[in-house]
Amino acid sequence: MTIEVDVQQATAFSPLPAHGEFTLWVSAALQDKKDAELTVRLVDEEESRELNHRFRGKDMPTNVLSFPAELPPDIDIPLLGDIVICAPLVQQEAATQNKPVKSHWAHLVIHGVLHLLGYDHQQEQEAEVMEAIEVDVLSSLGYANPYD
């Protein structure tokens, strides 16, 4: 199994998780997927707001955005896509929700990877499936249920 995670740091925000933590969280979310490549881009509120506005029509920063790769059918590489995480929002949300910061980082990375794999939470049934997977993956890593 080859999991390649490119972490792009486009923020001066600190502290940030180590590259190995991102790889661990991505690998856990991928579960039985054999090969995968993706980028995790860490940004500030400004870039998050701009991307959220451009791609979702919401003029505010958001914690995580996922951009699945759209490869032509004749291109056979394990590229999943990109995840963009707003580092300052992770810290703020963890404090507001009284969660450990590292567990919130893990949750958002796993959430973003699941979106790249095609999971969604627009409908209640979809949300239940996606949340159950998140809880299972987080639990396997020793993190509490983020929805409690």
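Before any of the text, the structure's been laid out above.
Rules used throughout
Residues numbered from 1 in each chain as written. Predicted model: local features only at pLDDT ≥ 70, side-chain atom pairs only at ≥ 80, totals over all residues. Heavy atoms only, no water. Helix = DSSP H or I, 4+ residues; strand = E, 2+ residues; numbered from the N terminus. Rg over C-alpha atoms; globule rule 2.2 N^0.38 Å. Buried < 20%, exposed > 50% of the residue type's maximum accessible area, 1.4 Å probe, protein only. Contact = heavy atoms within 4.5 Å. Areas by Shrake-Rupley, 256 points an atom, 1.4 Å probe, with all protein chains shown as cover. Axes fitted to C-alpha atoms, helices over the stretch in contact; angles between N-to-C directions. Parallel < 35°, antiparallel > 145°, perpendicular 65-115°, else oblique. Left-handed = near helix turned anticlockwise from the far one by under 90°. Expected span 1.5 Å × (residues − 1). Arc of directions from axis to C-beta. Core = buried A, V, L, I, M, F, W, Y, C linked by side-chain atoms within 4.5 Å.

**Points about the overall build of the protein**
Here is step 1 of the chain: Across its full length, the protein holds five helices and four strands.
Here is step 2 of the chain: Element order for the protein, N to C, with α for helix and β for strand: β-α-β-α-β-β-α-α-α.
Here is step 3 of the chain: A compact globule built from 148 residues would reach a C-alpha radius of gyration of about 15 Å, and the protein, at 15 Å, matches this within 12%.
Here is step 4 of the chain: Classification of the 148 residues of the protein by burial places 38% in the buried group.
Here is step 5 of the chain: Considering only residue pairs separated by 6 or more positions, the protein has 61% of its internal contacts joining residues 24 or more positions apart.
Here is step 6 of the chain: Approximately 8,300 Å² of the protein is accessible, and the part contributed by carbon and sulfur atoms is 48%.

**Points about the packing of helix 3 (residues 87-96) against helix 4 (residues 101-116)**
Here is step 1 of the chain: Where helix 3 contacts helix 4, the two axes come as close as 9 Å, and the packing angle between them is 125°. Classified by the angle their axes make, helix 3 and helix 4 are oblique. For the element pair helix 3 and helix 4, the recorded crossing hand is right-handed. Contacts from Ala-87, Val-90, Gln-91, Glu-93 and Ala-94 of helix 3 reach helix 4 at Val-101, His-104, Trp-105 and Leu-108.

**Thoughts on helix 5 (residues 124-140)**
Here is step 1 of the chain: Taking 1.5 Å of rise per residue, 17 residues should cover 24 Å, and helix 5 covers 24 Å from first to last C-alpha, within 8% of that figure.
Here is step 2 of the chain: Along helix 5, the residues that are buried comprise Ala-127, Met-130, Ile-133, Glu-134, Val-137 and Leu-138. All buried residues of helix 5 lie within an arc of 135° about the axis, which places them on one face of the element. Structural note: helix 5 exposes Glu-124, Gln-125, Asp-136 and Ser-140 on the side pointing more than 90 degrees away from its buried face.
Here is step 3 of the chain: Where helix 5 is buried, its residues touch helix 1 (19-30) and helix 4.
Here is step 4 of the chain: Count one or two residues on from helix 5 and you reach Gly-142, which has phi positive near 90°.

**Things to note about the nonpolar core**
Here is step 1 of the chain: Counting 30 residues, the largest nonpolar core has Phe-22, Val-26, Leu-38, Ile-85, Trp-105 and Val-113 as its most contacted members.
Here is step 2 of the chain: Every element with two or more residues in this core is listed here: strand 1 (2-10), helix 1, strand 2 (35-43), strand 4 (79-86), helix 3, helix 4 and helix 5.
Here is step 3 of the chain: By residue number, the principal contributor to this core is helix 4, which donates eight residues.
Here is step 4 of the chain: Setting aside its immediate chain neighbours within four residues, Val-113 contacts Val-26, Ala-29, Leu-30, Leu-38 and Ile-83.
Here is step 5 of the chain: The next biggest cluster of nonpolar side chains, apart from the first, holds six residues, and it includes Val-43, Leu-65, Val-84 and Leu-89.

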